[in-house]
Amino acid sequence: RIRLLECFGWPHGEFFVDSGSEPPADAQPFRAEIYSLLQEGIETHWSSDRVLSDLSTRMELFPELSARSEKISARLRSDDSVLSLLAALDGTRSLWKVIQSARTPRGLAAIWVLDAAGALAYRDAAKPESEIGAPGTPEIEIVTTESHAPSRPAAATPSSRRTPSQAEARATEDLRREIGEKHARLAEFDFYQLLGVAKDCDSATIKHAYHVAAKTYHPDTLARSGLEAEARAEANRVFAEISKAHATLSDPERRRNYDAERAGGASGIDANRLANAENMYRKGEILMRQGNFKGAFDFLKPAVELWPDECAYQSALGWTYYKKMPSEPELGRQHLERALALDPDDGVTLFRLGVVLRSLGQTEAAQAAHARASRLGGSEG
């Protein structure tokens, strides 16, 4: 299971679900829930851009749960974001709008799995109101719907489309002007100005502002807008900067670093290094919790190289040196001692050091570290 999860960290290659192939005759059963494993691998290793790229050709279609969806969705790793996403899959919203209802790593991974497993049925247009409702819709409603059918084609005749088309042309021109003005002033805007929010706003305001901007500037939104290639290229540049602003301001740690940099509290290079180190550490920490210490090592080592003066980074790397195969307890001890030099009262680091010292035969020092860790409430879960 761990080896399969590591595959999702490969920088090259592609993944797809093949439900039609027969397994080899000597294949052994894989005793793990495959759908939740796929979801976990994508959630842990893939960027949101990679998931969205795979789904990009269907962003303007209207998905709903198919007959296969119930048994698949029941096996997914669930939380509030996944439940919100499942509730939005009713055929009334485009795939892009469904994703916006719960755009978290777990939610994005869930929609990828549902799509790949054939658990979604796509429509070219939104589900008609007459079809919305619980299963077992009374037959009288079907008859009523059909009784109005002759009037519907008339609503779609060329003559009835002339006024909307003229309004659409004006809207396209307004959009072209807005994109051009924003693109021309990109260098003047900070991240808050790009999103149009106050510097002391909360995370919910930032998220809402990003969703509003995406409705205007996202490439999928502009695909059928009638804009020429130059305007679409400008819109892509604007949206890339808006996405960068959202990614920074929606992360508390990165937002603090950005604010400090703007206030002169840290150099731009230091702020970027710390942000990159924190990102590496978080990925490594997730893999550690999964028991994938070899994978965690590949993230924690560069985190320490980027920012060696953080106790948590040094402690995690030291523990990974000890737990990975082959184990390197002496290097683990060195990094754990560096972590304690940065924070002598870190109970988790003391506990880890005690385990490593015991493996090195230093029993008395291990007992002393564990006794102090116990007093401080430190342990390794």
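For the structure itself, consult the block above.
Keep in mind that this is a model prediction, so the values were computed, not measured.

(A) Molecular detail of the overall build of the chain. Helices and strands together make up the secondary structure of the chain, namely 21 helices and 2 strands. When each of the 381 residues of the chain is scored for burial, the buried share is 36%. If you take every contact in the chain between residues at least 6 apart in sequence, the share linking residues at least 24 apart comes to 68%. When the accessible area of the chain is evaluated, it comes to approximately 21600 Å², of which 52% is carbon and sulfur surface.

(B) A look at the packing of aromatic side chains. With the rule as written, the count across this model stands at 7 aromatic pairs. Considering the side-chain rings of Phe191 and Tyr258, the 4.5 Å spacing of their centres and the 10° angle between planes classify their relative orientation as stacked. Of this pair, Phe191 sits in helix H11 (residues 191-195) while Tyr258 sits in helix H15 (residues 252-263), and the two are 67 residues apart along the sequence. In this pair, the class of Phe191 matches that of Tyr258, namely buried. Measuring from ring centre to ring centre gives 5.0 Å for Phe297 and Tyr321, while their planes differ by 75°; the resulting arrangement is edge-to-face. Here the residue Phe297 occupies a position in helix H17 (residues 293-306), and Tyr321 occupies one in helix H18 (residues 311-323), the gap between them amounting to 24 residues. Per residue, the accessibility class of Phe297 equals that of Tyr321, and both read buried. One aromatic cluster is present, built from ring pairs that chain together Phe191, Tyr192 and Tyr258. A cation over an aromatic ring shows up here: Lys182 above the ring of Phe189, its NZ or CZ 5.8 Å from the ring centre.

(C) Here's a closer look at the pattern of salt bridges. For the coordinates displayed, the defined rule picks out 21 salt bridges. As a salt-bridge pair, Arg93 and Asp90 come within 3.2 Å of each other at their nearest N and O atoms. Under the relative-accessibility criterion, Asp90 is labelled partly exposed at 27%. Close ionic contact of Asp251 with Arg282 constitutes a salt bridge, the shortest N to O distance being 2.8 Å. Of this pair, Asp251 sits in the loop between helix H14 (229-249) and H15 while Arg282 sits in helix H16 (residues 268-289); the two residues are 31 residues apart in sequence, bridging distant segments of the chain. Taking relative accessible area as the criterion, Asp251 reaches 16% and is therefore assigned buried. Relative accessible area serves as the criterion here: at 33%, Arg282 is assigned to the partly exposed category. Counted as one network, the salt bridges with shared partners bring together Glu40, Glu43, Arg77 and Arg106.

(D) Spatial organisation of a nonpolar patch on the surface. Taken together, Leu4, Phe30 and Ile34 make up a surface patch of nonpolar side chains, about 250 Å² in accessible area. Tracing the backbone shows Ile34 in helix H2 (residues 34-45).

(E) The packing of H18 against helix H20 (residues 347-359), seen in detail. With their axes 10 Å apart at the nearest point, H18 and H20 run at an angle of 30° to one another. The pairing of H18 with H20 is recorded here as roughly parallel in orientation. In the crossing of H18 with H20, the sense of the turn from one axis to the other is left-handed. Contact with H18, carried on its side by Cys311, Ser315, Ala316, Trp319 and Tyr322, involves Thr349, Arg352, Val355, Val356 and Ser359 of H20 and no other residues of that element.

(F) Here's a closer look at unusual backbone geometry. Cis geometry marks the peptide bond from Met325 to Pro326; its omega dihedral reads 0°. Here Pro326 lies in the loop between H18 and helix H19 (329-342).

(G) Structural view of the side chain of Arg255. Topologically, Arg255 is positioned in helix H15. Buried charged residue Arg255 carries no salt bridge. Nearest counter-charge: Asp259, at 4.2 Å. Among all residues touching Arg255, those that are not within four sequence positions of it are Tyr192, Lys199, Asp200, Cys201, Ile206, Thr248 and Leu249.

(H) Summary view of the side chain of Asp115. The topology assignment puts Asp115 in helix H7 (residues 105-116). Discounting chain neighbours no more than four positions away, the residues touching Asp115 are Leu55, Arg58, Leu120 and Tyr122.

(I) Region of interest: the environment of Lys324. With respect to the helices and strands, Lys324 occurs in the loop between H18 and H19. Given the relative accessible area of 9%, Lys324 is considered buried. Sequence-wise, Lys324 and Phe293 are 31 residues apart; in three dimensions their C-alpha atoms are separated by 5.0 Å. Apart from residues lying up to four places away in sequence, Lys324 is in contact with Phe293, Lys294 and Phe297. A distance of 2.7 Å separates polar atoms of two side chains, one belonging to Lys324 and the other to Glu328.

(J) Region of interest: the environment of Lys182. Here Lys182 is to be found in helix H10 (residues 158-184). Along the sequence, Lys182 and Val238 sit 56 residues apart, while their C-alpha atoms lie 7.2 Å from each other.

(K) Layout of the nonpolar core. Ranked by internal contacts, the top residues of the largest apolar core, which has 56 residues, are Ile42, Leu89, Leu114, Leu195 and Ile242. With near-sequence residues (within four places) excluded, Ile42 lies in contact with Phe8, Val51, Ala109, Trp112 and Val113. In terms of nonpolar packing, the next biggest core, distinct from the first, is built from 24 residues, Tyr281, Met288, Ala296 and Leu317 among them.

(L) Structural view of the environment of Arg282. When the C-alpha positions of Arg282 and Tyr313 are compared, they lie 9.5 Å apart, and in sequence the two are 31 residues distant. Residues within four places of Arg282 in sequence aside, it is in contact with Asp251 and Glu253.

Each value, and the rule that gives it
Residues numbered from 1 in each chain as written. Predicted model: local features only at pLDDT ≥ 70, side-chain atom pairs only at ≥ 80, totals over all residues. Heavy atoms only, no water. Helix = DSSP H or I, 4+ residues; strand = E, 2+ residues; numbered from the N terminus. Buried < 20%, exposed > 50% of the residue type's maximum accessible area, 1.4 Å probe, protein only. Contact = heavy atoms within 4.5 Å. Areas by Shrake-Rupley, 256 points an atom, 1.4 Å probe, with all protein chains shown as cover. Phe/Tyr/Trp six-rings, centres within 6.5 Å; stacked < 30°, edge-to-face > 60°. Lys NZ or Arg CZ within 6 Å of the ring centre and 35° of its normal. Salt bridge = Lys/Arg side-chain N within 4 Å of Asp/Glu carboxyl O. Patch = residues over 30% accessible without salt bridge, like charges linked within 9 Å, V, L, I, M, F, W, Y side chains within 5 Å. Axes fitted to C-alpha atoms, helices over the stretch in contact; angles between N-to-C directions. Parallel < 35°, antiparallel > 145°, perpendicular 65-115°, else oblique. Left-handed = near helix turned anticlockwise from the far one by under 90°. Lys, Arg positive; Asp, Glu negative; His and termini not counted. Polar contact = N/O pair within 3.5 Å; in protein donor to acceptor, adjacent residues only side chain to side chain. Core = buried A, V, L, I, M, F, W, Y, C linked by side-chain atoms within 4.5 Å.

By themselves these figures say nothing about function.
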